[in-house]
Amino acid sequence: MNSHPYFSKMSSETSRVVKFASRHLPKIMGVVMLAYAIVNTVLSMQYGGYTLSEALDINGSYITDSLSNIFLIVGGAAILLWRRITLTNTAAIYLISVGSGRFVISITYMFSEFSIIFYVGVVLFCFAINMMVSGVSYLRGVARNRTNTMLSVAGLVILYSVMLLVAIRSTGDVLVTLGDNFSMVLQIVMYFMLLALLDTDSVRRNSPMEHVDACIGSAAACICASKDTIVSEEEAEEICRGFSDPSGWEEVNDGGPATYQYIFELSGCDQTMNVLVQRWAGSSKLYFTIARNFEGSLVNANRLSVSYYSLEGDSVKDSPGIRLYSDDGTFIRFAILHKSLDEYLGEMEAGMDENRCPR
């Protein structure tokens, strides 16, 4: 019986959580931005002993912190009010809002009399500029190096984490220090959420050309397995069984994500490839690694994740082939050999099989 795409994907609790997070992530991040801005404003007024009117005084000494919070409030509100906002636009607004706030604060740091604060301000300034430029690029739909943006955000995580650790070391009381710097803790959480957002598939392929490149790569994967690529009935049965019950496979306990694995040879008319199929913890997918041999670092191996399969018949025994599908619907097809490989190759050599391989 074929494994239907919907039931194959939804059978995993992890898939449901990921889908929920992807759908609601923009609103969650908008709420976090507003929460941080409000909490930071209240705590700053409480510890600083000033009123809201003093905080908003353009000539006052608290205006930089207030502007930073205002940028986040505007950005968070924009995300919440933008109906059907995409993850890419969410990342853009997030980067612009956070980058603008860090930019204002960095200017204040750079005018400090203390050299260490000055250098922190310079680093913060560079991160902020990169984040704002990246945000504007994403908002305009222009491709930009995502790695540089993620490095800037990661740099902010490291910077504020170090500042938090220094504060903890100076006081010696972890809980009290975390409570006194709760807004900084919330800010670090906010940056981690931004890193997760930047690593989503929508943001990774944030331009039409990158989507085209992905489709071309998927098409290449579909045609790389020719009609000469065959698996035996037993191997096809094991692949199908791996989606529902891989307990008969070899167990993996190496500390990685894999829990079970199955190894077989993928036969062709001109060569043989080794195939490693793995089932990972918390996932309903099968992860394939195909290489000429499994020695060394497998740099030249082909890797693909398979979400579900489809047989070209009612069962493996009467199916000419099996199709393995990825999340985007592209597939790779293996022909199923219903005879021994030696018998099949003998028929080929004798010219008895004009099509060379079953179709």
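The rules behind each value
Residues numbered from 1 in each chain as written. Predicted model: local features only at pLDDT ≥ 70, side-chain atom pairs only at ≥ 80, totals over all residues. Heavy atoms only, no water. Core = buried A, V, L, I, M, F, W, Y, C linked by side-chain atoms within 4.5 Å. Buried < 20%, exposed > 50% of the residue type's maximum accessible area, 1.4 Å probe, protein only. Helix = DSSP H or I, 4+ residues; strand = E, 2+ residues; numbered from the N terminus. Contact = heavy atoms within 4.5 Å. 1 Å grid on protein atoms, 1.4 Å probe; cavity = no way out; pocket = protein on both sides within 12 Å on 5 of 7 lines; lining within 4 Å. Points joined across faces, edges and corners; volume = space filled by probe spheres on them. Nonpolar A, V, L, I, M, F, W, Y, C, P; charged D, E, K, R; others polar. Patch = residues over 30% accessible without salt bridge, like charges linked within 9 Å, V, L, I, M, F, W, Y side chains within 5 Å. Areas by Shrake-Rupley, 256 points an atom, 1.4 Å probe, with all protein chains shown as cover. Salt bridge = Lys/Arg side-chain N within 4 Å of Asp/Glu carboxyl O. Phe/Tyr/Trp six-rings, centres within 6.5 Å; stacked < 30°, edge-to-face > 60°. Polar contact = N/O pair within 3.5 Å; in protein donor to acceptor, adjacent residues only side chain to side chain.

Draft legend 1. Highlighting the nonpolar core. Counting 40 residues, the largest nonpolar core has Tyr94, Val153, Met190, Tyr191, Leu194 and Leu198 as the members making the most contacts within it. Looking at this core, the elements that each hand over two or more residues are α2 (13-48), α4 (63-81), α5 (87-110), α6 (115-140), α7 (146-171) and α9 (182-198). Sorting elements by how many residues they give to this core places α9 first, with 10 residues. Dropping the residues within four chain positions of it, Leu194 is found in contact with Met29, Tyr94, Leu95, Met131 and Val153. In terms of nonpolar packing, the next biggest core, distinct from the first, is built from 24 residues, Cys240, Leu286, Ile332 and Phe334 among them.

Draft legend 2. How the structure looks around the layout of surface pockets. Taken as a whole, the second largest pocket holds about 460 Å³ of empty space. Taken together, 20 residues line the second largest pocket, and the ones lying closest to its centre are Asn40, Ser44, Asp65, Tyr109 and Ser183. Residue assignment for the lining of the second largest pocket shows that the elements contributing at least two residues are α2, α4, α5, α7 and α9. Counting residues per element, the lining of the second largest pocket draws most heavily on α2, at 5 residues. Residue composition of the lining of the second largest pocket, grouped by class: 10 nonpolar, 7 polar and 3 charged.

Draft legend 3. Seen up close, a nonpolar patch on the surface. Taken together, the side chains of Val31, Leu80 and Leu81 make up a nonpolar region of the molecular surface, amounting to roughly 280 Å² of accessible area. Along the chain, Leu81 falls in helix α4.

Draft legend 4. Main features of the pattern of salt bridges. Evaluated as defined, the whole model comprises 5 salt bridges. As a salt-bridge pair, Glu233 and Lys317 come within 3.6 Å of each other at their nearest N and O atoms. On the criterion of sequence distance, the pair formed by Glu233 in helix α12 (residues 233-244) and Lys317 in the loop between β7 (308-311) and β8 (321-325) is long-range, its members being 84 residues apart. Overall, the relative accessible area of 22% leaves Glu233 in the partly exposed class.

Draft legend 5. Quick peek at the packing of aromatic side chains. Taken as a whole and assessed by the stated rule, the structure comprises 9 aromatic pairs. With centroids separated by 5.2 Å and ring planes inclined at 35°, the aromatic side chains of Phe243 and Tyr309 adopt a geometry described as tilted. Here Phe243 is found in helix α12, whereas its partner Tyr309 is found in strand β7, with 66 residues between them in sequence. An identical accessibility class is assigned to Phe243 and Tyr309; each is buried.

Draft legend 6. Spatial organisation of the side chain of Asn69. The topology assignment puts Asn69 in helix α4. When its relative accessible area of 4% is taken as the criterion, Asn69 is described as buried. Side-chain polar atoms of Asn69 contact the side chain of Asn40, separated by 3.0 Å. Aside from chain neighbours lying at most four places away, what touches Asn69 is Tyr36, Ala37, Asn40 and Thr41.

Note that all results are geometric; they support no functional claim without further evidence.
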